[in-house]
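Each chain, letter by letter, is given below.
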Amino acid sequence: MSKLSQLRQEISAKGTQLAFVHMGAEVDASTFFDEYGLGDTPRFASQNQELYRKFGLNKGSVTQLMNFKTLTSSIGAFREGHRQGKTAGDPAQMPGAFLISGDQVIRSFIAKFPGEMVDFVSFSSTEVTS
């Protein structure tokens, strides 16, 4: 979230509007997104994870959740000052990112492990690449 907060203006300059799907209650989500300066971004609650499934995001397997890449990602986040807060929703839910135009998904990223990130600026470009 801190990375997206830092890149928000650059992403917007690409013609892309950030929006989030989360599993928490709105009161908790409001506090969480405000902490990252993203309180004004559109967000959608999917406590039953229906939206996650519609976008093809599954729960992580034991090997996805507990592996060297996840561990190093967690250590890196810890070193940057990020701490695990109260868990909202299913901690096994795998993340992803989607670029949507109209009613079409034009680009998707489905993480292979919880800490895997996409290059959000390149990903958010609405220009069609071949």
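In case you missed it, the structure is sitting above this.
Residues numbered from 1 in each chain as written. Predicted model: local features only at pLDDT ≥ 70, side-chain atom pairs only at ≥ 80, totals over all residues. Heavy atoms only, no water.

The subject of this paragraph is the environment of F33. When you line up the elements, F33 lands in helix α2 (residues 26-35). Separated by 28 residues in sequence, F33 and S5 have C-alpha atoms that sit 9.5 Å apart. Once residues within four sequence positions are removed from consideration, F33 is found in contact with M1, F20, H22, L38, G39, T41 and R43. (Helix = DSSP H or I, 4+ residues; strand = E, 2+ residues; numbered from the N terminus. Contact = heavy atoms within 4.5 Å.)

Before going further, it helps to examine the packing of aromatic side chains. Scanning all chains against the criterion turns up four aromatic pairs. An angle of 85 degrees between the planes, with centres 5.4 Å apart, marks the rings of F32 and F33 as edge-to-face. Residue classification places F33 among the buried residues on the basis of a relative accessible area of 3%. Aromatic ring contacts, followed pair by pair, group F20, F32, F33 and Y36 into a single cluster. (Phe/Tyr/Trp six-rings, centres within 6.5 Å; stacked < 30°, edge-to-face > 60°. Buried < 20%, exposed > 50% of the residue type's maximum accessible area, 1.4 Å probe, protein only.)

A few words on the pattern of salt bridges. For the coordinates displayed, the defined rule picks out four salt bridges. Between K54 and E50 there is a salt bridge whose closest N-O contact spans 3.6 Å. Placement of both K54 and E50 in helix α3 (residues 50-54) is noted, with a separation of four residues, approximately one turn of the helix. Taking the relative accessible area as the measure of exposure, E50 reaches 37% and is therefore partly exposed. A salt bridge links K59 to D90; its shortest N-O distance comes to 3.0 Å. In this pair, K59 is assigned in the loop between α3 and α4 (62-65) and D90 in the loop between α5 (68-79) and β3 (96-101), connecting sequence segments 31 residues apart. (Salt bridge = Lys/Arg side-chain N within 4 Å of Asp/Glu carboxyl O.)

Residue pairs three or four apart in sequence face the same way in an α-helix, which turns once every 3.6 residues. When we look at burial in helix α1 (residues 2-13), the residues that qualify are L4, L7 and I11. Summarising the axial view, the buried residues of α1 lie within an arc of 85 degrees, below the 170-degree limit, and thus occupy one face. Counted as exposed and oriented over 90 degrees from the buried face of α1: Q6, Q9 and A13. For α1, the secondary structure elements touched by its buried residues are β1 (20-22) and α6 (120-123). Looking one or two residues past α1, G15 carries a phi angle of roughly 90 degrees, positive in sign. (Arc of directions from axis to C-beta.)

With that out of the way, let us pick up the side chain of R43. One can find R43 in strand β2 (residues 43-45). By relative accessible area, R43 is classed as buried at 18%. When sequence neighbours within four positions are dropped, the list of residues in contact with R43 reads F20, H22, E26, A29, S30, F33 and L38.

Moving on: unusual backbone geometry. Of note, Q49 is a non-glycine position whose phi angle comes to about 65 degrees, a positive value. For Q49, the position within the fold is in the loop between β2 and α3. On the basis of relative accessible area, Q49 is assigned to the buried category, the value being 11%.

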